Amino acid sequence: MLAGKVLEPVRGQAVAAHSVFTDAARGGVTVLVVPPGRLLTEGLTQSLLDVGRRPVWLRLGTEDRDPATLLLTMVAAVRRRVPGFGVDLLRASAARPGPIFGWDGLYQALGEALASSFPADAALVIDHADRVDPYGPALELACRHVIAALPEHIPRVVIGHAELPATRLLRPGRAPTALPAHTASWPALRNCRLALPTGQIPQMWPALRDGLGTVPGLGPGTGPRLGAGAGPGRWLRRRRATGMLRGSAAVRAALAFARTSLADADVAQAFRGSSSAAVLASLAQAALARADTGARRALAHILQVGYVAPADQGAVTGPVQGPWFQPLADGWWRLRTVWHGPLVAALGDDARLDPATLRGIAVRLLREGAAETAVPMLIALGDQQLLVEALRPAAAEMIGNGQWSTLGRWLDALPAEIIEAESALLDAAAHVTWSRGRTDLARRWFDARLTTASGADQANLGVITQRQPDIDIHRDSRGLPCPEAGSSRPAGGPSETGVAVPGRLELAVHVLGPLAAAVNGQPVGGWGARQRSLLAYLVLHRAAAPPREVVMEALWPGADPAAARNNLQVAVHGLRRVFRAVTSSAIVVFDRGVYQLAPEMVVSVDLDAFEGHVQAGCRLVDAGCPDEAIVQWEAAMALYRGDFLADGRSDDWAVPAREQLRLTYLDALDQLSVLYLDAGRPAMCALLCRQILERDPCREDAHRRLMRSYSRQGQPHLALLQFRTCADFLARELRVAPAPATARLHEKVRRHEPI
């Protein structure tokens, strides 16, 4: 990660000051949604320092759309003020990766850690938030669990150049000042026209007037009316220029630079532009006209990266230095967003770097640990060889960090044959593919990794397995029963390593959620509703091997026998045709009036593993082993991708099983949430309670447990709100009041008694 991402701007020029920054520094939450250049954020640094606060600054990039990357960025930013922050959190993230176990628990833990260790004289600033929101859940997680967790007196500022839907989760309690009421329905400034406040215009006008007065063609003025003697063209130009200067701090800073660095004619020509972007482009062109080719190319390099490290500033001299750079802490510079387009236009052909130069920039970024900037450049260049070299050392660490989403996007740029030839990438690709629900391809890649691993690699895989329990879940998702779940392996089935036995036919079927199947790791697809229903019925009743007539009645109840028999024959033919695309072996056979799966075939079903884990969890609870029970129920939760045959027809035979499994799933969630609460993990308990209530909002015990979780996290206001939600649901759905136990809990929370 580039160090510049977490460096705050240094105190800037007076032109950066603004009353909204003064208001934000007082505390609470402020959301600023403004176009680039309207404000200069060094003004916020100044306002915070004026009240004795040092900012913890995050400047987000598109890579932070991955919740894991945003979590790492937040930890890195806080560590500038709190050395060693987040060690336990990152260890927990590695042991229970978010792509498997969900991100809410990790972000809640981050919020709790931040609330307990955030310096009292600090402020939190999240800049460029629009690069993350609304492209994923990352900013929503930060708003819900991190920003809201900090005390009210801590200033928290979220800045973006476009709408930020996730910030609607924030409910600050202080109204802004010195702004029209229509811009502040709650204490965040959203879509505001942040021009100079009316009260500041008289103070700023002399500077604007003096600046315009030095521009030939605009002439001196006597105030906001700009003089009565000017001609229409001059008057319109002066009015337009004044509007730009009032509405954009970047334009005001550019004018201050131009008055000391450029000729009057250049400034006059620039302010004939019809927009702020045109003015900035013209000023940049005039300034860079005096720069030699080397300096212009150095600036083109910076346009690719966005930051300048202290060691590289020697190449940025003379006319290349300008208002487009924002000084940051520790001697870094940042290229201001509003200047990117104008500089590209001013540089012209010099802004277009050849592939060899871009490749060199990417290699240097990789050496500096900025893979999130370098890898997209390599993907754009189509350099697969260098991309593999970049990912090979980073893949295992990214899997450990939970950055599966980012790694998956990068791996998508490589063909499967390259991934399969690289053991490190193959292991990572198996993780990513499994998280995307393509468990059969993940199985094939994971088994191939185990098959080709050397002795040293096998030892390394053992370390990864101990560190990441998702490996065991991979095995479960493939339908391989775990000994801990009390299930026995089918005779002649897969070995303990999970590697398929050569020459053996294996069918893996997933019935929790949409139906999916694979033969020897090859996904099966292209079937219709009849074929799906028939396969599911045969799989779940493979032990009983029901006669043909029973199958006909189950799938087509009440139908004429001849019609039902014809439907069954058509479905069997279609099912065999689908399987023929992946294997020449018979999958469905007919013997003495019975359709069944081939007896010699090894069949594994996710439902079997799910029920095995649930039963093992119940036994372990009865035996007084809650920690072991948590492991079993977590594995069961990971297998439940959705309700039984969620994408199938509404077959009568499937309805009882679907409802029973749904209740089993909810009961397992309930039991696991109780164990989490008893184990002192209220954040995880709250996460599961919300999942329960999404499916059954009238489960009053889950409402109470969620209230307790909120209270134990120091969020009594959320516990009281949950009570109102519970009461509303019960009144609307059941026409009853909350139970006495719920009412008593509400009173204890209201009186701030220990819960």
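Bear in mind the structure is a predicted one, so any value in this text is a computation, not a measurement. (Residues numbered from 1 in each chain as written. Predicted model: local features only at pLDDT ≥ 70, side-chain atom pairs only at ≥ 80, totals over all residues. Heavy atoms only, no water.)

(A) Quick look at the overall build of the protein. Counting its regular elements, the protein contains 33 helices and 13 strands. Sequence-distant contacts, at least 24 apart, represent 67% of the contacts inside the protein between residues at least 6 apart. (Helix = DSSP H or I, 4+ residues; strand = E, 2+ residues; numbered from the N terminus. Contact = heavy atoms within 4.5 Å.)

(B) Main features of the sheet that holds strand E1 (residues 29-33). Strand order in this open sheet of four strands is E1-E4-E3-E2, and the pairing throughout is parallel. Strand pairing shows two members of the sheet lacking a second neighbour, E1 and strand E2 (54-59), which therefore form its edges. Taking each pair of neighbouring strands and ignoring which way they run, the sheet shows an average axis angle of 15°. Two elements, E1 and strand E4 (residues 156-160), share five bridges in a ladder whose sense is parallel. What sits directly across from Leu-32, in E4, is Ile-159. Of the strands in this sheet, E2, strand E3 (122-127) and E4 are in contact with helix H2 (residues 42-50), which crosses E2 at around 155°. Running over the sheet, helix H3 (residues 67-79) touches E2 and E3 and is turned about 155° from E2. (Pairing = 2+ DSSP bridges. Axes fitted to C-alpha atoms, helices over the stretch in contact; angles between N-to-C directions.)

(C) How the structure looks around the sheet that holds strand E7 (residues 333-335). Reading across the sheet, the three strands line up as E5-E7-E6 and stay open at both edges, with antiparallel pairing between neighbours. Looking at the sheet topology across the chains shown, the edges are occupied by strand E5 (307-308) and strand E6 (325-327).

(D) Looking closely at the confidence of the model for the protein. Confidence in the prediction for the protein averages 80 pLDDT; 83% of positions are at 70 or higher. When mean pLDDT is compared element by element in the protein, E3 scores highest at 97, while helix H23 (residues 470-477) scores lowest at 36. Confidence drops under a pLDDT of 50 for residues 172-208, and excluding neighbours within four residues, the segment shows 79 contacts in the predicted structure. Across residues 219-232 the pLDDT falls below 50, and counting only partners more than four positions away or on other chains, this stretch makes 20 contacts in the model. (pLDDT = per-residue confidence, 0-100.)

(E) Just the pairing of strand E13 (residues 602-605), in detail. Burial of the side chains of E13 extends over both faces: Val-602 and Ser-604 are buried on one face and Val-603 and Val-605 on the other. Pairing of strand E8 (residues 506-510) with E13 involves four bridges; the strand directions are parallel. Its bridge partner lying in E13, Val-509 is registered against Val-605. (Buried < 20%, exposed > 50% of the residue type's maximum accessible area, 1.4 Å probe, protein only.)

(F) Inspection of the nonpolar core at higher detail. In this structure, Leu-299, Trp-324, Phe-325, Leu-343, Leu-391 and Leu-407 are the most contacted members of the largest nonpolar core, which totals 88 residues. For this core, the element with the highest residue contribution is helix H17 (residues 384-401), accounting for nine residues. In terms of nonpolar packing, the next biggest core, distinct from the first, is built from 76 residues, Ala-536, Ile-587, Leu-645 and Ala-654 among them. (Core = buried A, V, L, I, M, F, W, Y, C linked by side-chain atoms within 4.5 Å.)

(G) Broad picture of the state of the cysteines. Under the defined criterion, the tally for this structure stands at zero disulfides. You can see Cys-698 has no disulfide; the closest cysteine sulfur is in Cys-726, sitting 8.4 Å from it. (Disulfide = S-S within 2.5 Å.)

(H) Inspection of helix H30 (residues 682-695) at higher detail. Over its 14 residues, H30 runs 20 Å from end to end, which matches the ideal 20 Å to within 8%, given 1.5 Å per residue. Within the span of H30, buried status applies to Pro-682, Ala-683, Met-684, Cys-685, Ala-686, Leu-687, Leu-688, Cys-689, Ile-692 and Leu-693. (Expected span 1.5 Å × (residues − 1).)

(I) Looking closely at the side chain of His-703. Within the secondary structure layout, His-703 lies in helix H31 (residues 700-712). The residues contacting His-703, other than those within four sequence positions of it, are Leu-693, Pro-697, Gln-722 and Cys-726.

(J) How the structure looks around the pattern of salt bridges. Within the structure shown, the criterion is met by 30 salt bridges. Arg-91 is the salt-bridge partner of Asp-88, the closest N and O atoms lying 2.8 Å from each other. Here the residue Asp-88 and the residue Arg-91 both occupy positions in helix H4 (residues 87-95), the gap between them amounting to three residues, near one helical turn. Grouping residues by exposure puts Asp-88 and Arg-91 together as exposed. Here Glu-753 and Arg-751 are joined by a salt bridge, their closest N and O atoms 2.7 Å apart. Using a relative accessible area of 31% as the deciding quantity, one classes Glu-753 as partly exposed. It is possible to trace a salt-bridge network through shared partners that takes in Asp-667, Asp-670, Arg-699, Asp-701 and Arg-705. (Salt bridge = Lys/Arg side-chain N within 4 Å of Asp/Glu carboxyl O.)

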